[in-house]
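Analysis of the macromolecular model
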Amino acid sequence: MQIKTADFGEITIDEASIINFPEGIPAFEECHEYVLINIIEEIPYLYYMQGIGENAPCFAVIDPYYFVASYVPHLSPADVKNLQCSGMEELRFLAIAIIDQDLEKSVMNLKSPLVICPETRKAKQIVLENDDYPLRYPLFVPNGKEE
Amino acid sequence: MLVISRKIGESIMLGDDIEIKIAEVSGERVKLAIDAPREVLVLRKELHETNLLNQQANQHLAMDKMSQLAQVLQQHKIK
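Anyway, here's the lowdown on the structure attached to this text. (Residues numbered from 1 in each chain as written. Chains lettered and ligands numbered in written order. Predicted model: local features only at pLDDT ≥ 70, side-chain atom pairs only at ≥ 80, totals over all residues. Heavy atoms only, no water.)

**Focus on the overall build of chain B**
To keep it simple, the criterion reads: Each helix corresponds to a stretch of at least 4 residues labelled H or I by DSSP, and each strand to a stretch of at least 2 residues labelled E; elements are numbered beginning at the N terminus. Three labels apply to residues, based on accessible area from a 1.4 Å probe with only protein chains included: buried if under 20% of the type maximum, exposed if over 50%, partly exposed otherwise in between. Residue contacts follow a heavy-atom distance rule, with two residues in contact if any of their heavy atoms lie within 4.5 Å. Here the accessible surface of atoms and residues is derived via Shrake-Rupley with a 1.4 Å probe, and residues count as covered only by protein chains that are part of the display.
Looking only at helices and strands, one finds two helices and three strands in chain B. Ordered by position from N to C terminus, the α and β elements of chain B give β-β-β-α-α. The 79 residues of chain B split such that 24% are buried. Of all intrachain contacts in chain B linking residues separated by at least 6 positions in sequence, the fraction that spans at least 24 positions is 0%. As displayed, chain B has an accessible area near 6200 Å², and 52% of this comes from carbon and sulfur atoms.

The following block contains the structure:
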């Protein structure tokens, strides 16, 4: 199936790879279907998440575990009931990124990750119970002060 | 900022038609019962912030911007 992307024209996608957000995502409730596109092979943890449809939204999303290996999202079973996943341990998490003009100031949202069930391909953006994950977590530590 | 002390079962009014009642208190959690007209959007603050952040994140990133990001990511290639 052919879809229009915001940034690189039309691309062909496998229909089986579509992710369905039954409730949309906050601020974009009308768009339910998205595809994840890994743009740069060497960076397997960075994707475009392109909505399907006219003027559909498009986000840069990131696998948070690459940056925060200790990420432990706390969710209630009620939050993920509609994803119809066989177990909480099956769930996959991705963080929406905000790429700043000054790239090093880019952040990702660890407080409300996209929660995806790989078997049913249903997903939802969920505000976590955790108090310690910020909405704007810097991707890069300033001045190269990384441990 | 206005700070008001209320007991369980008591309410405050915002204007004439929005009522926020303290429904239940247990430990650190407070349950609020909100009575507001249908057109008033009531959101937990985190969800409201997520909403704003999503709007900001819906950016159209040209391929060269993504490649630049990829480069920076690789330079920072952690641990």
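**Observations regarding a nonpolar patch on the surface**
Residue and element names in this part refer to chain B. Condition: For patch detection, residues must exceed 30% relative accessible area and be free of salt bridges, and they are connected within 9 Å for like charges or within 5 Å for nonpolar side chains (Val, Leu, Ile, Met, Phe, Trp, Tyr). For this analysis, a salt bridge means a side-chain nitrogen from Lys or Arg found within 4 Å of a carboxyl oxygen belonging to Asp or Glu.
A contiguous nonpolar surface patch, about 580 Å² in accessible area, is contributed by Ile8, Val25, Val30, Leu32, Ile34, Val40 and Val42. Ranked by the residues each element gives to the nonpolar patch, the list is headed by strand β3 (residues 29-35), at three residues. Position of Val30 relative to the elements: it lies in strand β3. Accessibility expressed as a relative area gives 49% for Val30, which makes it partly exposed.

**Here's the deal with the environment of Asn55 of chain A**
Within the secondary structure layout, Asn55 of chain A lies in the loop between β5 (46-51) and β6 (58-62). Given a relative accessible area of 77%, Asn55 of chain A falls into the exposed group.

**Re the packing of aromatic side chains**
Residue and element names in this part refer to chain A. Test applied: Centres within 6.5 Å make a pair out of two Phe, Tyr or Trp rings, where for Trp the six-membered ring is used; the pair is then stacked when the planes are under 30 degrees apart, edge-to-face when over 60, and tilted otherwise.
Under the definition given, this model contains eight aromatic pairs over all chains. On the numbers, 3.7 Å between centres and 10 degrees between planes, the contact of Tyr45 with Tyr66 is stacked. Linking Tyr45 in the loop between β4 (33-38) and β5 with Tyr66 in the loop between β6 and α1 (77-80), this pair joins segments that are 21 residues apart in sequence. Between the aromatic rings of Tyr71 and Tyr133, the centroid separation amounts to 4.8 Å while the plane-to-plane angle is 55 degrees, which identifies the pairing as tilted. Separated by 62 residues along the polypeptide, Tyr71 in the loop between β6 and α1 and Tyr133 in the loop between β10 (122-125) and β11 (137-138) bring together distant segments of the chain. For the residue pair Tyr71 and Tyr133, the accessibility class agrees, reading buried in each case. Site record: aromatic cluster; members linked through ring pairs are Phe21, Phe28, Tyr34 and Phe59.

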